[in-house]
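Given next are the chains, with one letter for each unit.
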Amino acid sequence: MGFTSGLALCRAIVARPWLHKIMAPIAETYNDLAGYRKLGLVRDDLIAEENEVVQEALKRLPPKVAYDRVYRLRRAVQCSLAHTILPKEEHTKPERDISYLMPYIEEIERERKERAELDSLTRAR
């Protein structure tokens, strides 16, 4: 199961206004309770790096975005070691919690799927 299957579920929910109306407050509450915003992280910072696709996506990040990501992760580790959270004004605001890594992951998965399709082509005789 790839990362895009979760994205497909998200798109299905957004496509149905009645379902989006129910799920949006639940998702926002979940994000608040998860606590990563209190450490200054954004959602894409939580994606595990052990996956080949994610490793490739991280290599494609612009230098500024990659630097910001490392800074946020180091600051969060420091907070975790000190058993503290950031001051309220340094928490990640919901409007700043935007996806910066998922577009690269989606692109890489599309490329791999296309490569697999091209590799499996056979010549008609």
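Source: prediction; values computed, not measured. (Residues numbered from 1 in each chain as written. Predicted model: local features only at pLDDT ≥ 70, side-chain atom pairs only at ≥ 80, totals over all residues. Heavy atoms only, no water.)

So, about the nonpolar core. In this structure, V42, I47, V53, V54, A57, L58, L61, Y100, L101, M102, I105 and I108 together form the largest nonpolar core, which totals 12 residues. Of all the secondary structure elements, the ones that give two or more residues to this core are helix 3 (52-60) and helix 5 (102-119). In terms of nonpolar packing, the next biggest core, distinct from the first, is built from six residues, Y36, L39, L41 and L86 among them. (Core = buried A, V, L, I, M, F, W, Y, C linked by side-chain atoms within 4.5 Å. Buried < 20%, exposed > 50% of the residue type's maximum accessible area, 1.4 Å probe, protein only. Helix = DSSP H or I, 4+ residues; strand = E, 2+ residues; numbered from the N terminus.)

Before going further, it helps to spend a moment on a nonpolar patch on the surface. Together, W18, I22, M23 and I26 make up a nonpolar patch on the protein surface, roughly 420 Å² of accessible area in all. Inspection of the secondary structure assignment puts I26 in helix 2 (residues 17-34). (Patch = residues over 30% accessible without salt bridge, like charges linked within 9 Å, V, L, I, M, F, W, Y side chains within 5 Å. Areas by Shrake-Rupley, 256 points an atom, 1.4 Å probe, with all protein chains shown as cover. Salt bridge = Lys/Arg side-chain N within 4 Å of Asp/Glu carboxyl O.)

What follows covers the environment of A27. Counting through the fold element by element, A27 comes out in helix 2. Overall, A27 belongs to the partly exposed group, its relative accessible area being 39%.

Right, let's talk about the environment of C79 for a bit. Structurally, C79 is set in helix 4 (residues 63-82). Ignoring any residue separated from it by four or fewer positions in sequence, one finds C79 in contact with L39, T84, I85 and L86. (Contact = heavy atoms within 4.5 Å.)

Moving on: the packing of helix 3 against helix 5. Orientation of helix 3 relative to helix 5, taken along the N-to-C sense of each, is 120°, at an axis distance of 9 Å. Between helix 3 and helix 5, the interaxial angle falls into the category oblique. In this structure, helix 3 crosses over helix 5, and the sense of that crossing is right-handed. Every residue of helix 5 that contacts helix 3 at E52, V53, V54, E56, A57 and R60 is listed here: Y104, I105, E107, I108, E109, E111 and R112. (Axes fitted to C-alpha atoms, helices over the stretch in contact; angles between N-to-C directions. Parallel < 35°, antiparallel > 145°, perpendicular 65-115°, else oblique. Left-handed = near helix turned anticlockwise from the far one by under 90°.)

Another aspect to go through is the pattern of salt bridges. On inspection of all chains with the given rule, the structure shows 11 salt bridges. Note that R69 and E49 form a salt bridge whose closest N and O atoms lie 2.9 Å from each other. Of the two residues, R69 is situated in helix 4 and E49 in the loop between helix 2 and helix 3; the sequence distance between them amounts to 20 residues. According to the relative accessible area criterion, R69 is buried, its value standing at 5%. For E90, the salt bridge identified is with R75, shortest N-O distance 3.6 Å. Placement of E90 in the loop between helix 4 and helix 5 and of R75 in helix 4 is noted, with a sequence separation of 15 residues between them. Relative accessible area serves as the criterion here: at 36%, E90 is assigned to the partly exposed category. Overlapping salt bridges, with partners in common, bring together E28, D32, R37 and D97 in one network.

These values are about where atoms sit, not about what they do.
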